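So the chains spell out like this:
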Amino acid sequence: MILIADSGSTKTSWNVVSGETVIDSTETEGLNPYFQSEENITLCITDKVVPRLHVDTQAIRAVYFYGAGCAYNKEEVVRRAVARVFTTANIEVNTDLLGAARALCGREAGIACIMGTGSNSCFYDGLQIVRHVSPLGFILGDEGSGADMGKHLIGHLMKDMMPQRLKESFFALYRLTPAEIIDHVYSRPHPGRFLAGFAPFLLQNADETSVRRLVMNRFKAFFVRNVYKYDYRRYKVNFIGSIAFHFIDMLKESARRTGCRIGLVAASPVDGLVDYHTHA
């Protein structure tokens, strides 16, 4: 058996694979070595992952962990934490972006993107990432992500750049005051997750002209500031992530308007990673 973990900004998906089939799975919070220590990650695995998966840790022969923040030697923090629990397993820790590329492209070259709470992109040659535009986070980048759209939604609403009925509907739904929103963004942990939590409001109101314009503009920014740096005329653009999956019609329209072609779009990389790791 092998264990495949996909960790984004919001959640981590853990999947036990036997043969070519996922036989058990669970979710925990996102695990990022920039924000969590080795001890915290180990505790999460021992207290939340192992009991829920009902699997003997000694039966896991390999762990493949793909996560946000698993770069610039920070992956060693995660590797050590995993090794403290799965003591006999071969452990491989890589970025969530490489996980997306392997899930979307397998062993073929292509453009692979993440569009969930955050966004990211790369050109993958079938073996490794050979070109990468830094996402820069939701303050400076992360165009098209849930956090980016949430940030622009809040800005538009609070600067009266959207219809009053939408503003009233938003504040009635979320029961937040402007002061509380400012506090969440500037004074509390994980502001990106907080902002991304407003993406369902955009989806529910996608027929509104102002909402559609906002979403399309953020997707356009993603293509122009990221995808244009790759050979997008030759290769289709593939996506992993909830935002890409749920806003797929507007994503495709924005791609068409910017001269890009959409390939595979999936909500999660799990199926693609299972296929990658079970087929040589």
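Before reading further, recall that the structure is shown in the block above.
Draft legend 1. Local environment of the side chain of Asn120. Secondary-structure assignment places Asn120 in strand E7 (residues 119-124). Within polar-contact distance, the side chain of Asn120 engages the side chain of His132 at 2.8 Å. Among all residues touching Asn120, those that are not within four sequence positions of it are Leu97, Ala112, Cys113, Ile114, His132, Val133, Pro135 and Phe222.

Draft legend 2. The arrangement of the sheet that holds E7 in detail. Strand order in the open sheet made by the five strands is E8-E7-E6-E9-E10, with mixed pairing throughout. Edge positions in the open sheet fall to strand E8 (129-132) and strand E10 (262-266), since each of these has one partner strand only. Adjacent strand axes in the sheet meet at a mean angle of 25 degrees, parallel and antiparallel pairs treated alike. Bridging between strand E9 (residues 237-240) and E10 involves three bridges; their strand directions are parallel. Looking at E10, one finds that Val237 is bridged to Ile262. Docked against the sheet, helix H12 (residues 248-257) engages strand E6 (110-115), E9 and E10, running at close to 160 degrees with respect to E10.

Draft legend 3. The pattern of salt bridges, seen in detail. Within the structure shown, the criterion is met by 14 salt bridges. Between Arg225 and Glu143 there is a salt bridge whose closest N-O contact spans 2.7 Å. Taken together, the residues span a long stretch of sequence, with Arg225 in helix H10 (residues 209-225) and Glu143 in the loop between helix H4 (137-140) and helix H5 (146-158) at a distance of 82 residues. A relative accessible area of 45% places Arg225 in the partly exposed class. Taking the relative accessible area as the measure of exposure, Glu143 reaches 4% and is therefore buried. Shared partners join several salt bridges into a network, and the residues in it are Glu38, Glu39, Arg80 and Arg84.

Draft legend 4. Looking closely at helix H7 (residues 178-187). Burial in H7 covers these residues: Ile181, His184 and Val185. Along the axis of H7, the buried residues cluster in a sector spanning 90 degrees; they form a single face. Opposite the packed face of H7, turned more than 90 degrees from it, sit the exposed residues Ala179, Tyr186 and Ser187. Summarising the contacts, the buried residues of H7 are in contact with H5, helix H6 (164-174) and helix H8 (191-196).

Draft legend 5. Seen up close, the packing of aromatic side chains. All told, the structure shown has 14 aromatic pairs when counted by the stated rule. Consider the rings of Phe170 and Tyr174, whose centres lie 4.9 Å apart with planes at 45 degrees: the pair is tilted. On the criterion of helical spacing, the pair formed by Phe170 and Tyr174 is a turn pair, its members being four residues apart in helix H6. Judged by its relative accessible area of 0%, Phe170 falls in the buried class. For Tyr174, a relative accessible area of 22% translates into the label partly exposed. Between the aromatic rings of Phe194 and Phe198, the centroid separation amounts to 5.1 Å while the plane-to-plane angle is 80 degrees, which identifies the pairing as edge-to-face. There is no split in this pair, since Phe194 and Phe198 are both buried. By the ring-pair criterion, three or more aromatic residues cluster together here, those being Phe170, Phe171, Tyr174, Phe194, Phe198 and Phe201.

Draft legend 6. Main features of the pairing of E6. Counting buried positions over the six residues of E6 gives six, a clear majority of the element. The side-chain alternation of E6 yields two buried faces, one formed by Gly110, Ala112 and Ile114 and the other by Ile111, Cys113 and Met115. The pairing of E6 with E7 spans six bridges and is classified as antiparallel. Bridge pairing in E7 places Gly110 opposite Tyr124. Hairpin connection, E6 to E7: the antiparallel pair is bridged by three residues. As paired elements, E6 and E9 share four bridges and run parallel to each other. Along E9, the bridge assignment pairs Ile114 with Ile240.

So, how was this worked out
Throughout this description, residue numbers start from 1 for each chain and increase along the sequence as written. Only residues with pLDDT of 70 or above have their local features reported here, since the model is predicted, and side-chain atom pairs are shown and tallied only from 80 upward, although totals for entire chains, interfaces and linings are computed over all residues. To get the side-chain values, all heavy atoms of the structure are used, and hydrogens and water are removed first. A helix here means a DSSP run of H or I that spans at least four residues, while a strand means a run of E at least two residues long, and both kinds are numbered starting from the N terminus. Pairs of N or O atoms are called polar contacts if they sit within 3.5 Å, as long as, within protein, a hydrogen donor faces a hydrogen acceptor (for residues adjacent in sequence, only side-chain-to-side-chain pairs). In this analysis, two residues are considered to be in contact whenever any of their non-hydrogen atoms come within 4.5 Å of each other. Two strands form a pair only when DSSP identifies at least two bridges running between them. Helix axes use the C-alpha atoms of the stretch in contact, all axes being lines fitted to C-alpha atoms, and the angles between their N-to-C directions lie in the range 0 to 180 degrees. Salt bridges are defined by distance alone: a side-chain nitrogen of Lys or Arg within 4 Å of a carboxyl oxygen of Asp or Glu. When accessible area is computed with a 1.4 Å probe and restricted to protein chains, residues below 20% of their type maximum are described as buried, those above 50% as exposed, and intermediate ones as partly exposed. The arc in question is traced by the directions running from the helix axis to the C-beta atoms. Ring pairs shown here join Phe, Tyr and Trp side chains whose ring centres sit within 6.5 Å, with only the six-membered ring taken for Trp; geometry is labelled stacked below 30 degrees between planes, edge-to-face above 60, and tilted in between.

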